[in-house]
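# Breakdown of the fold
Listed below, chain by chain, are the residues.
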Amino acid sequence: MKQTGDLNLVKKINKSIVLEHIKDNAPVSRAKIAELTGLTKATVSTLVNELIESRMVYEIGTGASSGGRKPMMLLFNQAAGYAVGVDLGVSQISAVLTDLKGEIIEEYQTAHNNESIDSVISKLIACIRETIQRAPDSPYGVVGIGIGIPGISDDQGNVLFAPNLGWQDVPLQQRVEQEFEIPVVIDNEANAGAVGEKQFGSGKNVSHLIYVSISSGIGTGVIIKEELYRGVSGFSGEMGHLSIELNGRACRCGNVGCWELYASEQALVDEARKQWNDPSVDLKSLAQRASNGEQGAIELIQQTGRYLGIGLVNVINCFNPELIIIGGSIVSAKEWLLPPILSMMKQRSLPFPRAQLSIVFTELEGRSTLLGAASFAISRFFASTKVIVE
Ligand SMILES: [Zn+2]
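Residues numbered from 1 in each chain as written. Predicted model: local features only at pLDDT ≥ 70, side-chain atom pairs only at ≥ 80, totals over all residues. Heavy atoms only, no water.

If you look the chain up in an unreviewed UniProt entry, it shows as ROK family protein from Paenibacillus foliorum. One UniProt comment on the chain, placed under Function (unreviewed entry), says "Transcriptional repressor of xylose-utilizing enzymes." As its UniProt record puts it under Sequence similarities (unreviewed entry), the chain is described as follows: "Belongs to the ROK (NagC/XylR) family." (UniProt positions renumbered as here; feature names shortened; annotations may be inferred.)

### A word on the pairing of strand S16 (residues 358-361)
Only one face of S16 is covered, namely the face carrying Ile359 and Phe361; the face carrying Ser358 and Val360 is uncovered. Pairing analysis gives four bridges linking strand S15 (residues 323-327) to S16, with the strands arranged parallel. Note on S16: the bridge partner recorded for Ile326 is Phe361. (Buried < 20%, exposed > 50% of the residue type's maximum accessible area, 1.4 Å probe, protein only. Helix = DSSP H or I, 4+ residues; strand = E, 2+ residues; numbered from the N terminus. Pairing = 2+ DSSP bridges.)

### Details of the coordination of the zinc ion
Bound to the zinc ion on the protein side are His241 (ND1), Cys251 (SG), Cys253 (SG) and Cys258 (SG), at distances that span 2.0 to 2.3 Å. Considering all four donor atoms around the zinc ion, angles at the metal cover 105 to 119° and the coordination shape is tetrahedral. Assessed through its relative accessible area of 18%, His241 is described here as buried. (Donors = N, O, S within 2.8 Å, 3.2 Å for Na, K, Ca; no water. Tetrahedral: all angles 85-135°; square planar, octahedral: opposite > 155°, others 65-115°.)

### Notes on the domain arrangement of the chain
Per the domain assignment, the segments making up the chain are domain 1 (2-76), domain 2 (82-192 + 370-389) and domain 3 (202-363). Between the C-alpha centres of domain 2 and domain 3 there is a distance of 26 Å. Counting residues at the interface gives 14 residues for domain 2 and 14 residues for domain 3. Together, the buried faces of domain 2 and domain 3 total about 1,100 Å²; carbon and sulfur atoms form 48% of this surface. (Domains from an automatic or database assignment. Contact = heavy atoms within 4.5 Å. Buried area = accessible area lost by both parts, 1.4 Å probe.)

So, in structure tokens, the structure goes:
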């Protein structure tokens, strides 16, 4: 009996290897897959036929022949199913529906005022439901939901701590899975953002990158050697809580002087409200004033840029990344932020890790986390190889 079990497992593994090759190399022939994988042509042929039957793969036209009969080419059926990616922000919930290659099919957004945990979760569920309802018919339907959260979660998808939402120990994965009976993956929004940038954004051809998400707080996602770095228990990347002031402001994390209290959108807006004695100021109006040439607004943003630069110096000296991508809502002030960031880096970071470094702002227009979250859901679907076999 044991041997049969092992053979089934080997078959499942081989089938997912074949599928992986078709996803990465399509259009590709059976012969080429055999050559790339080292599996026999007969094995590849059997597995491909099963993949065609399960509608994960389809045949198209004929490819170039190296002599003899021209081969049928295989394509991955990216419309075999769909995934939902969600970005749970402190005042807004965004969602996308993607196909199995992560291409966006639909988008949906809704605001929330963070009245209570239950009110946010019911808005979140309504947002996901709206997105799922827009999915076209497909063999596998919606295969998973990925949610990026502004905080720390554990392996079971409990939100342990999300200070800017005011959440502690919220069983979010369980709540959403109960509602939809679809697998749910919860992860930090900056981790998701880093993966989104790696797969679809400026990080595509980069092995070592750090994504810095700057909105009401600061989160970071670290990719080392192509992989998201999570640390021993999944809590790495909390660089918003780097201490940068000895006797600094008190942070909701329990420490004082944390980077995000000086360099986040919230810090910038709070400072402007205080200086101008005007509680209606927001990032949009600040950026508008700056683009009208108002010196006071420009100086406030530049000050935030200098604080951003100081934190980034620490990041650069620690990690020696090839690329730092800045995302989050702060991007709307990028033209005034970049010069002070670069000048702080030049003044303060070690010259060696700086030499091969590029700093860019995201080009994914607020979708880094959404794409990464959908990608987590898709990866989880393919990791459960039994869905492909059975
Ligand atoms: Zn803190």
